Amino acid sequence: MFGMELRGGQGATCCPLRFVKHTFCKFRGNLETANHYTSSYTEQTVTKPSGVPEHHLPINDSAFIADPYSTLKRLRETTPIYWDATWKKLFVTRYDDIAALLRDKRLGRSIFHVLSRDELGFPPPDARVAAFDHFQANHILDMEPPNHTRIRGLVQKAFTISRVEGLRVRIEDIVQDLLEAAEARGGAFDAVADFAEPLPVLVIAELLGVPAADRHLLRPWSSAIVKLYELGYSDAQAVAANTATEQFSAYIKSLADQRRAEPRDDLISALVAVEESDERLSNDELVANCILFLNAGHEATVNGITGALLTMQRHPHVKMQLASAAASEANNSSIFKTAIEEFLRFDTPLPMFERWVLEDLEFRGCSLKKGMEVALIYASGNRDANKFTSPDTFNIARDPNPHLTFGLGTHYCIGAPLARLEMSVALHAFLKRYPNFEVPDQPLEYTGWVIRGLKRLEVKL
Ligand code: HEM
């Protein structure tokens, strides 16, 4: 997942698990010190392609992050593909262009299988983040075929739709417990800290089979690791993330050993079984992908839930319609299904991902060179009038709704069914309990652009 770091990466795969594909870590310094290209190869690949206009998107500007949609609309209309000289990347804003690039096997989330660190002008790996790099090298998000195909296939065998659906009742219980505890604090609470944030961690713990007594360990580990997803983390944070990765890996390894000895009905036992069948999932792959589930499944789901609460406040008719459905219909009714997709389209929790160009190609008149990076703004594609009728209108019944929020192609989100389930159970229970909830006027602060979520959201019941 993650940020728009600058060149100068440290590890085998360079940067922390980032939803934005690996670019270059800022770990070694600021823009001036990190942004050099030591080889002539990279000099050539990071040059603006001819015939492409130049533009700069203020992705770190809080006003832009709070409301990116009017700016993105202008870009789609006037400068749909442009070169950003600050980030040295090509930015793509239209739905069809993003979809075409996501389907094109000549682009990928990792580059090291086609170009070496030397060729890319990267410094040698940094021993201080070795555990982190090892984790990076073993999870599917930053692999490309054929490794990705093999490991994703194995993981998918354990992470089945029926396993996810089997969690529905348990998620309903977790949601009720969280709402009761939050309500006990009085007539208002922070929907981020008291509700949306603990939920995905508890659900992943349940899915993996982490014993209740150990669940408090997961959030601090995940928080330390995800610090590296954002732009501008410190050396201390990188080292803390490495320590968290070491501890988390050791924990999952020991849990996997226990499940190997005594299997249970949980994802770790299922992954262990996959590991022991003919097609093998190695111990390192098993550990790395369990950590990925927590990190990948955590932040985006929080932002999806709180974003939906804010969208309802801004669209009172949507709140009324869904509250009335929550009173009489189940959380898997058709109105909840279409509403969840529309929440995800309308305000995209992870607005932008990146790809490396793996071989030279021509795209819409631009010459893209191997080793170049392309930033794909899913949040912009999700509001493209050439794909969605009245894209700036929240249409609770929109169907079909082929939004890009879970990606497309090789890396399509493996957790999408779980995310949908969590969001529908959470929002249904919330509205059933508090049909007249209000989001009072308050300063809204977002976590960032790449993982775009509210830092807090006070709700009145
Ligand atoms: C609203 C919630 C979520 C959103 C918006 C989201 C979004 C995404 C996106 C866009 C990708 C593809 C990244 C790319 O194109 O470069 C992705 C991949 C992935 N997601 Fe999610 N996700 C969510 C929830 C979850 C959950 C709950 C889990 C797991 C428990 C999960 C696990 C993963 C994994 C493992 C991948 C990597 C798949 C691969 O590389 O083959 N996600 N997610």
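Structure shown above.
Here the structure is a predicted model, which means the values were calculated and not measured.

Engineer: I tried to follow the overall build of the protein on my own but got confused; where do I start?
Structural biologist: The number of helices and strands found in the protein is 20 helices and nine strands. Against the compact-globule benchmark of 23 Å for 461 residues, the protein has a radius of gyration of 22 Å, which places it among compact chains. Each principal axis of the C-alpha distribution contributes one length, and for the protein these read about 65 × 55 × 40 Å. Counting every position in the protein, which comprises 461 residues, the buried fraction comes to 50%.

Engineer: Where do I start with the sheet that holds strand 1 (residues 81-84) in this structure?
Structural biologist: Within a sheet, neighbouring strands are paired by backbone hydrogen bonds and run either parallel or antiparallel to one another. Across the sheet, five strands lie side by side as 1-2-8-5-3; this open sheet has mixed pairing. Each of the sheet's edge strands pairs with one partner strand only, and the pair in question is strand 1 and strand 3 (107-108). Where strand 1 and strand 2 (residues 89-92) come together, four bridges link them in antiparallel fashion. The partner of Tyr-82 across the bridge, within strand 2, is Phe-91. Its contacts with the sheet put helix 5 (residues 95-103) on strand 1, strand 2, strand 3, strand 5 (352-357) and strand 8 (373-377), and the angle it makes with strand 8 is roughly 130°.

Engineer: Help me understand the packing of helix 16 (residues 283-314) against helix 20 (residues 416-433), please; the structure alone is not making it clear to me.
Structural biologist: Relative placement of two packed helices is described by the angle separating their axes and the distance separating the axes. Close contact between helix 16 and helix 20 brings their axes to 10 Å; oriented N to C, the two are set at 35°. The chirality of how helix 16 crosses helix 20 is right-handed. Residues Gly-297, Ala-300, Thr-301, Gly-304, Ile-305 and Ala-308 of helix 16 touch helix 20, and the partners they reach there are Leu-418, Ala-419, Glu-422, Met-423, Ala-426 and Leu-427. By residue class, the composition of the contact of helix 16 with helix 20 is eight nonpolar, three polar and one charged.

Engineer: Can you walk me through helix 14 (residues 235-261) in this structure?
Structural biologist: Two residues of an α-helix separated by three or four positions point the same way, owing to the 3.6 residues in each turn. Counted at 1.5 Å a residue, the expected span for helix 14 with its 27 residues is 39 Å, and the 39 Å between its end C-alpha atoms agrees. Ala-238, Ala-241, Asn-242, Ala-244, Thr-245, Phe-248, Ser-249, Ile-252, Leu-255, Ala-256 and Arg-259 are the residues of helix 14 that are buried. Taken together, the buried residues of helix 14 touch helix 7 (130-138), helix 13 (218-226), helix 15 (267-276) and helix 16.

Engineer: Looking at this model, I keep getting lost on the packing of helix 7 against helix 14. Mind explaining?
Structural biologist: In the contact formed by helix 7 and helix 14, the axes pass within 7 Å of each other and the chain directions differ by 60°. Comparing their axes, helix 14 and helix 7 come out oblique. When the axes of helix 7 and helix 14 are compared, the crossing they make is left-handed. Within the contact between the two elements, helix 7 uses Ala-131, Phe-132 and Phe-135 and helix 14 uses Ala-241, Asn-242, Thr-245, Glu-246 and Ser-249. By residue class, the composition of the contact of helix 7 with helix 14 is four nonpolar, three polar and one charged.

Definitions and cut-offs
- Residues numbered from 1 in each chain as written.
- Predicted model: local features only at pLDDT ≥ 70, side-chain atom pairs only at ≥ 80, totals over all residues.
- Helix = DSSP H or I, 4+ residues; strand = E, 2+ residues; numbered from the N terminus.
- Rg over C-alpha atoms; globule rule 2.2 N^0.38 Å.
- Buried ≥ 20, exposed ≤ 12 C-beta atoms within 10 Å, placed from the backbone.
- Pairing = 2+ DSSP bridges.
- Contact = placed C-beta atoms within 7 Å.
- Axes fitted to C-alpha atoms, helices over the stretch in contact; angles between N-to-C directions.
- Left-handed = near helix turned anticlockwise from the far one by under 90°.
- Nonpolar A, V, L, I, M, F, W, Y, C, P; charged D, E, K, R; others polar.
- Expected span 1.5 Å × (residues − 1).
- Parallel < 35°, antiparallel > 145°, perpendicular 65-115°, else oblique.

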